[in-house]
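Observations on the model geometry
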Amino acid sequence: MRGIMRGGATVLLVVGVVVGGAGVAAAKPKKQSAAKYAKTVCSTYQGLLNDITTFGNGVAALDPTDPTAFQASATTQTTTLLGEVKAAEKTLAGAYPDISNGTKVGKLLATNATQLDSLLSSAESQLAAGGVTGATEFTVAIQTLSTKLSDPFSKVTDQGLINALQKEKSCKNVVTVTGG
């Protein structure tokens with residue numbers, strides 16, 4: 001079960017902890033300078049990294065040999081994490097960088113949040129099947145999250161935003177920026 005924690009943390013580290021607002025109803029997004037947007041994005045992602053680490057630790061501590069208790073606790077923890085993901089989606093949907101095609105870049109960086117939301121919801125549904133099978137399918141789904149997420153940060157080409165991501169301290173644990 002310790003693999004869940006590592007798998008959950010890896011989801012965010014490998015992919016850059018990407019979250020965004022695709023499909024989230026919010027006020028009209030506001031344009032932010034590249035530096036402010038980098039801070040918004042990375043601080044939100046860092047918060048989610050912390051949330052997923054807490055989630056992974058909590059699920060890893062559950063006893064899979066007691067399917068009823070495992071299901072109840074894992075469902076509660078997953079629901080809590082989904083709430084955090086949705087809050088992050090809302091935050092990121094409220095901003096986009098002041099660069100050429102900034103709204104497109106904002107949406108691009110939002111794609112993993114939608115993917116993460118969908119994958120966690122699917123894992124929670126597998127858990128609802130109950131029994132050892134449900135717990136096993138849930139565990140596998142959580143451990144393989146990182147393999148199912150895309151990497152939208154690699155598609156960012158605006159040098160101003162790349163530089164802002166590189167300079168922002170909160171981005172150090174979230175995304176690796178090379179070059180610049």
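For the structure, see preceding data.
Small disclaimer: the values here were computed from a predicted structure and weren't measured. (Residues numbered from 1 in each chain as written. Predicted model: local features only at pLDDT ≥ 70, side-chain atom pairs only at ≥ 80, totals over all residues. Heavy atoms only, no water.)

Judged by nonpolar contacts, the single largest core of 22 residues is most densely connected at Phe 70, Leu 120, Phe 138 and Ile 142. Elements that contribute at least two residues to this core include exactly α2 (34-60), α3 (67-93), α5 (111-128) and α6 (131-143). Looking at this core, the element that brings in the most residues is α3, giving 6 residues. Among the nonpolar cores identified, the runner-up in size contains 20 residues, and Ala 34, Leu 109, Leu 161 and Ile 162 belong to it. (Core = buried A, V, L, I, M, F, W, Y, C linked by side-chain atoms within 4.5 Å. Buried < 20%, exposed > 50% of the residue type's maximum accessible area, 1.4 Å probe, protein only. Helix = DSSP H or I, 4+ residues; strand = E, 2+ residues; numbered from the N terminus.)

In the structure shown here, the tally under the stated rule is 1 disulfide. One disulfide bridge connects Cys 42 with Cys 171, the sulfur atoms lying 1.9 Å from each other. Its S-S torsion of about 90 degrees marks the bond between Cys 42 and Cys 171 as right-handed, since a negative value means left-handed. Of this pair, Cys 42 sits in helix α2 while Cys 171 is found in the segment after α7 (159-167), placing the two residues 129 residues apart along the sequence. Each of the two residues, Cys 42 as well as Cys 171, counts as buried. (Disulfide = S-S within 2.5 Å.)

The subject of this paragraph is the packing of aromatic side chains. To describe a pair of aromatic rings, one takes the distance between the centres and the angle between the planes. This model, assessed by the stated rule, comprises 2 aromatic pairs. Measuring from centroid to centroid gives 5.5 Å for Tyr 45 and Phe 153, while their planes differ by 85 degrees, and the two rings are edge-to-face. Of this pair, Tyr 45 sits in helix α2 while Phe 153 sits in the loop between α6 and α7, placing them 108 residues apart in sequence. Like Phe 153, Tyr 45 is buried. Pairing Phe 70 with Phe 138 gives two aromatic rings, centres 6.1 Å apart and planes at 80 degrees, and the pair type is edge-to-face. With a gap of 68 residues between them, Phe 70 in helix α3 and Phe 138 in helix α6 connect regions that are remote in the sequence. Owing to a relative accessible area of 0%, Phe 138 belongs among the buried residues under this scheme. (Phe/Tyr/Trp six-rings, centres within 6.5 Å; stacked < 30°, edge-to-face > 60°.)

By themselves, these are just geometric observations and shouldn't be taken as functional.
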